[in-house]
Amino acid sequence: MTLFRIPRPRGEFAPHPARRMRLVATGMLVAMAVVFITARATVHLHPAIGFVQAFAEAAMVGGLADWFAVTALFRHPMGLPIPHTAIIPRNKDRIGDTLALFLRDNFLTPAVVARRMRGMDVAAAAGRFLASPSEGGGRLREGASRLIADILEALDQERLGGMVKGAIGQRLRAINIGPLAGQAIEAAMRDGRHAPVMDGIIHWADRTLEANEHLIRQMVQERAGKVLRWTGLDENLANAILSGLRKMLADMAADPGHSLRLKAEEGMAKLAFDLQFDLETQAKVAKIRDEIVDNPAMQRWIEGMWEQARAGLLRAVRDPGKAMAGRLGEALRQLGGTLQQEARLRLVINRFVRRAAVGATATYGDAIVRLVSDTVRGWDAGTVTSRLENAVGRDLQYIRVNGTLVGGLVGLAIHSVDMLFQG
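Each chain has its residues counted from 1, following the order in which its sequence is written. With the structure being a predicted model, the display of local features is reserved for residues of pLDDT at least 70 and the display and counting of side-chain atom pairs for 80 or more, all residues being used for whole-chain, interface and lining totals. Processing note: side-chain calculations cover all non-hydrogen atoms of the structure and skip hydrogens and water entirely.

We now examine the overall build of the protein chain. Looking only at helices and strands, one finds 20 helices and 0 strands in the protein chain. To sort residues, take the accessible area from a 1.4 Å probe on protein chains only and compare it with the maximum for the residue type: under 20% means buried, over 50% means exposed, and anything in between is partly exposed. With 423 residues in all, the protein chain has 28% of them scored as buried. Accessible surface computed for the protein chain: about 27600 Å², of which carbon and sulfur atoms make up 64%. Helix and strand labels come from DSSP, where a helix needs a run of H or I of at least four residues and a strand needs a run of E of at least two; each type is numbered from the N terminus. Accessibility throughout is a Shrake-Rupley quantity obtained with a 1.4 Å probe, and a residue counts as covered only by protein chains that appear here.

The structure is reproduced here in structure tokens:
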């Protein structure tokens, strides 16, 4: 499966310019053949017909030679497996590799990217566009929007979604959650922000105790001896336990200095310390983190998040005017004005963009080159041939036309010289 899908050509049944020129070139060749046959049959009628015959004969030879040369690029002439024909289909993979190497050597090296971006003021251009998106940028914005939308729709969503999920999962696994959680707990305890959490835990324990009172009574009754059950003391014992637990929870809720509450805070402080400095605790947290990331529900959530982001981006690029409206548009316009006014900010942004581009080229340049090469390798040979022929075929058919005309003129000149020497 390749990352890029080749979209179906639009207007498939409309005459392509290359096809029209092919018909013109072939028509000229046929016309020269007809003229040659006619002139050869009537050359005895008048000496001038000899010039016509010479022109048509040489034009026919030139047209046939150029037809063979042009056709040999894309297929076997007349289906015959002549050596060194069908050059493009036979060398499709090599063409992809050469294209990828050309892209790498001329565009995707850090030195080239740095040199090309040195004179670019990306921040100022972005500022002008954000401040006045409708002034001279309508066609640019619409074109860029269509390009982004076409790229997003052309990408293989199954493979791209897998890449996005893999990248997000890799980023999540790279986060060392232990120290972050430990620092968060430590900061919360230092500022007293842990107290509401502790109160919530105590209230939750009280509600849980009330909801499960019957279970405690049943447990006491099952574990009490026959004498206690016969005298009814098991009920008194259960009431005492429940009353003691309720009083303990009430005292913890009312007294911030309660001994059990302080013990719990001491445990939280130890947990914060272990999360930051104890490798074993950090390893346990990392294991829990990886299990959460690998959970199918978490994977579905990540996939849904990517699909929502992609759908939102598609909506934005398909309607750029709407995306620039409202508070978001106003904020973007203010940002554009700031970028135009603050030279130091532009300098920082341009330096960051340049370094980011150079860094991305150094990191992902080879991957992009492999992507181009693998994509071309994955294309069907007939598709590549058809695309290239439609792209450059019109000019190639002009070669056939020019070959026919030049051949005819050369034949006419040779015949004229021959007649001159004979005369």
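Before going further, it helps to spend a moment on the UniProt feature "transmembrane region" (unreviewed entry) in the protein chain. In this numbering, the UniProt entry assigns the feature "transmembrane region" (unreviewed entry) to residues 21-39. For the annotated span residues 21-39, helix accounts for 100% and strand for 0% of the residues, and the straight-line distance between the end C-alpha atoms is 26 Å. UniProt positions are given in the numbering used here, feature names are shortened, and annotations may be inferred rather than shown by experiment.

Core analysis: the biggest nonpolar cluster contains 7 residues, these being Met198, Ile202, Leu209, Ile216, Leu242, Leu249 and Met252. Elements supplying a minimum of two residues to this core: α10 (195-211) and α13 (233-254). It only takes one pair of heavy atoms within 4.5 Å for two residues to be counted as in contact. Not counting the four nearest positions on each side in its chain, Ile202 is found in contact with Leu249, Met252, Ala253 and Arg261. Residues enter a nonpolar core if they are buried and are Ala, Val, Leu, Ile, Met, Phe, Trp, Tyr or Cys, with the set joined through side-chain atoms within 4.5 Å. Counting residues in hydrophobic clusters, the runner-up holds 6 residues, among them Leu29, Ala56, Ala59 and Met60.

With that settled, consider the confidence of the model for the protein chain. Per residue, pLDDT measures the predictor's confidence, with a range of 0 to 100. Model confidence for the protein chain is summarised by a mean pLDDT of 77, while 81% of its residues fall at 70 or above. In the model of the protein chain, helix α12 (residues 226-231) stands out as the element of lowest mean pLDDT, 54, in contrast to helix α15 (residues 279-294), which has the highest, 88. Here residues 1-14 is modelled with pLDDT under 50, and outside its nearest four sequence neighbours on either side it reaches 30 contacts, counting other chains as well.

Our focus in this paragraph is the packing of helix α5 (residues 110-117) against helix α19 (residues 343-378). One can describe the packing of α5 onto α19 by two numbers: an axis separation of 9 Å at closest approach and a directional angle of 160 degrees. On the basis of their axis angle, the class for α5 and α19 is roughly antiparallel. In this structure, α5 crosses over α19, and the sense of that crossing is right-handed. Contacts from Pro110, Val113, Ala114 and Met117 of α5 reach α19 at Val353, Arg354, Ala357, Val358, Thr361 and Ala362. Here the axes come from fitting lines to C-alpha atoms, over the contacting stretch only for helices, and the angles between their N-to-C directions go from 0 to 180 degrees. An angle counts as roughly parallel when it lies under 35 degrees, as roughly antiparallel when it exceeds 145, as roughly perpendicular when it falls between 65 and 115, and as oblique in every other case. In this scheme the crossing of two helices becomes right-handed for a clockwise turn of the near helix relative to the far one and left-handed for an anticlockwise turn of less than a right angle.

In this section: the packing of helix α6 (residues 122-131) against α19. In the contact formed by α6 and α19, the axes pass within 7 Å of each other and the chain directions differ by 115 degrees. Here α6 lies roughly perpendicular to α19, going by the angle between them. In contact with Val122, Ala123 and Ala124 of α6, α19 contributes Arg346, Ile349, Asn350 and Val353. Here the term charged refers only to Asp, Glu, Lys and Arg, the term nonpolar to Ala, Val, Leu, Ile, Met, Phe, Trp, Tyr, Cys and Pro, and the term polar to all other amino acids, Gly among them. Across the contact of α6 with α19, the residue classes tally to 5 nonpolar, 1 polar and 1 charged.

Between the first and last C-alpha of helix α14 (residues 259-277) there are 27 Å, a value that for 19 residues agrees with the 27 Å anticipated at 1.5 Å per step. Burial in α14 covers these residues: Arg261, Glu265, Ala272, Asp274, Leu275 and Gln276. By this rule the span expected of a helix is its residue count minus one, scaled by 1.5 Å.

Here is the rule: rings of Phe, Tyr and Trp (six-membered ring for Trp) pair when centre to centre is within 6.5 Å. Planes less than 30 degrees apart are stacked, more than 60 are edge-to-face, and the remainder are tilted. Following the criterion strictly, the structure yields 1 aromatic pair and no others. Taking 4.9 Å as the distance between ring centres and 45 degrees as the angle between the ring planes, the aromatic pair formed by Phe273 and Phe277 counts as tilted. Separated by 4 residues within a single helix, Phe273 and Phe277 lie in helix α14, roughly one turn from each other.

A separate point is the side chain of Asp274. With respect to the element layout, Asp274 can be found in helix α14. Here Asp274 is in contact with Thr281 and Gln282, once residues within four sequence places are set aside.

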